[in-house]
Amino acid sequence: MSPLSGGRSSSQYRLRRAPTASKDYKIQSAGQDPGLDPDGEGGDMSSTLHTDCQITVVEFSEERIVQQDFWNEGLREFLQKPREEWVKVRWINCNGLSWDIIQQLARHYNFHSLALEDLLARHDNNRPKCDWYSDHAFIILPLLKLLDGDPTEHSQGHHDLQKSPPFWKRILSGGRTPPHGEDPEKHTFDENTQRNRVRSLQSAYGGPNAERVAYMEAHSSLSPLDKMVHVEQVSIFLTPDGTVVSFFEISGDDIEPPILARLYSEKTLLRTSSDPSMMLQAIIDGIVDLAFPVVSAYQDTIAELELNVLTEPSVKQSQNLYIVTSELSLLKSTIAPIAAVVTSLRDHKKGLLVPKIKGAAGVEVSDMTRIYLGDVLDHVLLIVNNLEAMKRAADNMIDLIFNTIGSLQNESMKQLTTITIFFLPLTFLAGYFGMNFAEFPGVKLHSDLYFWKIGIPLVVVTLMYCLREIIGKQIVKKFQRRAIMVATKRRRDYKQE
């Protein structure tokens, strides 16, 4: 018992007087129940997370295919209709995240609350993964694609919400950003307002420092090409009844048309197999293929920087190379985990992971899908290897810049040293003969030629003495090189004979 606690235990006394956690980087979901209940009110999501979604529903079998397009209002009526018996696979593609659509699909297909929480979690609080539940599988993947334009053109809103005070206020506050007010929760950044829009690589994974994100976006390595990298999270559900539900933020139109073209062709494997896991593979393959133009753009940037470094190296180029290295590291950390997701799909066995729950039906990945997932895995590893090679090339160029600049400085110092050694004896003689003596017979009895008669031999002796090691090494190298050339010529002549 503490003497100051008034009869309360010491643990209660310490807890009541312990300092609370800082609110500067507060996580809103800390301490709450895990998961997100679709039957609940949804909190602020019902009002903040709402957009007009382009919903495409494709039902097909080997003999027949039907496509229907909806907006938010038409999905409820479609889900109330019974599924026809001829339908082998149903693909519901939602281009846009809206809570009313997510809620309807979650209730209809009984999506797990943890999967819904991950679907709506912040992009930097999630990782690519594949979760296996009793009656469906849930996959999260990052989507990277190349866009035209500058990142600053698409970053309005993110920096406005986290706008820093003027420069003079930061100077007066010691360089630190003062708090926005007495209640930091009033200025909490709302992630829901940042969905369904273009998100650059730096704004997605650059961290909470808005000034750094703005600087890195303004000096992006793809800015000279007028290009940028868009990042978004893609969520996919696979159910036992052959339904695939995919959620995109804004990039559904990049994945949907090529898949639809394959479905409308009666001879494609995707159509003839009528396999829901093959539909899942087609979506993942399309997401991975969108990253190849990103790699090509960075290869073009690296090649241009390499030419500049080889022809005219400068310290300014090291800053550009650092930005390239930072972006390549973000790209690699974003794409590399996709390999683990693909491997999890390939290694999944229905009988081993389905819990013994009455009425539960597990999700199966067909043997044919496993074969084609191997091709997707090869693409992922190829992209990762290219990113690693470019990052090593950027690091090597940074080393080359400083080595080249250091070598040039050493050559300049050698030249200055040689000039100094050359004029050192002449300076000594000029100072000696320039002394103001009353009687100086050496000057009176000779002309200016006398100075050079003494100066030239003295310069030669001084140079030979000071540069003896350099001259000796050059002579030895010349004889060694000559001996190597003679030996090489003899060996070639002997082979010809």
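All figures in this text were calculated on a predicted structure; none of them were measured in a lab. (Residues numbered from 1 in each chain as written. Predicted model: local features only at pLDDT ≥ 70, side-chain atom pairs only at ≥ 80, totals over all residues. Heavy atoms only, no water.)

Colleague: Explain unusual backbone geometry here, please?
Modeller: A negative phi holds for most residues other than glycine; trans holds for most peptide bonds. In this model, Asn110 sits at a positive phi of 60 degrees, which is unusual for a non-glycine residue. With a phi angle near 50 degrees, Ser274 is a residue other than glycine that sits in the positive phi range. Within the fold, Ser274 resides in the loop between α11 (269-273) and α12 (276-289). Looking at Ser274, the relative accessible area reads 13%, which means it is buried. (Helix = DSSP H or I, 4+ residues; strand = E, 2+ residues; numbered from the N terminus. Buried < 20%, exposed > 50% of the residue type's maximum accessible area, 1.4 Å probe, protein only.)

Colleague: What am I meant to see in the pattern of salt bridges here?
Modeller: When charged atoms on two side chains of opposite charge get close, those side chains can pair. Per the stated rule, a full pass over the model turns up 10 salt bridges. The residue Asp241 makes a salt bridge to Arg83 at a minimum N-O spacing of 3.5 Å. Taken together, the residues Asp241 in the loop between β6 (227-238) and β7 (243-248) and Arg83 in the loop between α3 (72-80) and β3 (89-95) connect sequence positions 158 residues apart. For Asp241, a relative accessible area of 41% corresponds to the partly exposed category. Residue Arg83 is classed as partly exposed on the basis of its relative accessible area, which comes to 26%. Among the charged side chains, a network of salt bridges with common partners joins Asp118, Lys129 and Asp131. (Salt bridge = Lys/Arg side-chain N within 4 Å of Asp/Glu carboxyl O.)

Colleague: What is the right way to read the pairing of strand β4 (residues 129-132) from this model?
Modeller: Every other side chain in a regular strand lies on the same face of the sheet, so the side chains alternate between the two faces. Of the strand pairs in this sheet, β4 and strand β5 (residues 137-148) are connected by four bridges, and their pairing is antiparallel. By the bridge assignment for β5, Trp132 is matched with Ala137. Between β4 and β5, which pair antiparallel in sequence order, lie four residues. (Pairing = 2+ DSSP bridges.)

Colleague: Help me understand the side chain of His230, please; the structure alone is not making it clear to me.
Modeller: Topologically, His230 is positioned in strand β6. Judged by relative accessible area, which is 0%, His230 ranks as buried. At 3.1 Å, the side chain of His230 and the backbone nitrogen of Arg199 are in polar contact. One polar contact links His230 to Glu232, side chain to side chain, over a distance of 2.8 Å. His230 has contacts with Leu143, Leu144, Lys145, Leu147, Arg197, Val198, Arg199, Ile250 and Ser251, leaving out every residue within four places of it along the chain. (Polar contact = N/O pair within 3.5 Å; in protein donor to acceptor, adjacent residues only side chain to side chain. Contact = heavy atoms within 4.5 Å.)

Colleague: Hey, could you run me through the environment of Asp148 in this one?
Modeller: Mapped onto the secondary structure, Asp148 falls in strand β5. Residue classification places Asp148 among the exposed residues on the basis of a relative accessible area of 56%. For the pair Asp148 and Ser223, spaced 75 residues apart in sequence, the C-alpha separation works out to 9.7 Å. A polar contact is formed between the side chain of Asp148 and the side chain of Lys227, at a distance of 2.4 Å.

Colleague: Explain the nonpolar core to me, please; I cannot follow it from the model alone.
Modeller: If you look at soluble globular proteins, the nonpolar side chains tend to sit buried side by side. Leu263 and Ile283 are the most contacted members of the largest nonpolar core, which has 68 residues in total. The element contributing the most residues to this core is helix α17 (residues 367-433), with 12 residues. Ignoring any residue separated from it by four or fewer positions in sequence, one finds Ile283 in contact with Trp91, Ile236, Val244, Ser246, Phe248, Ile255 and Ile259. One finds Phe70, Leu79, Ile101 and Ala106 within the second-largest nonpolar core, a separate group that totals 29 residues. (Core = buried A, V, L, I, M, F, W, Y, C linked by side-chain atoms within 4.5 Å.)

Colleague: What is the right way to look at the confidence of the model for the chain in this model?
Modeller: Close inspection of predicted coordinates is inappropriate for parts of the model with low pLDDT. Considering every residue of the chain, the mean pLDDT works out to 79; 77% of them sit at 70 or more. Of all the helices and strands in the chain, helix α6 (residues 158-161) carries the lowest mean pLDDT, 44, while α12 carries the highest, 93. Predicted confidence for residues 157-163 stays below pLDDT 50, and this span has 15 contacts to residues more than four positions away or in other chains. Note on residues 170-190: pLDDT is under 50 here. Beyond four places in sequence and across chains, it has 21 contacts. (pLDDT = per-residue confidence, 0-100.)

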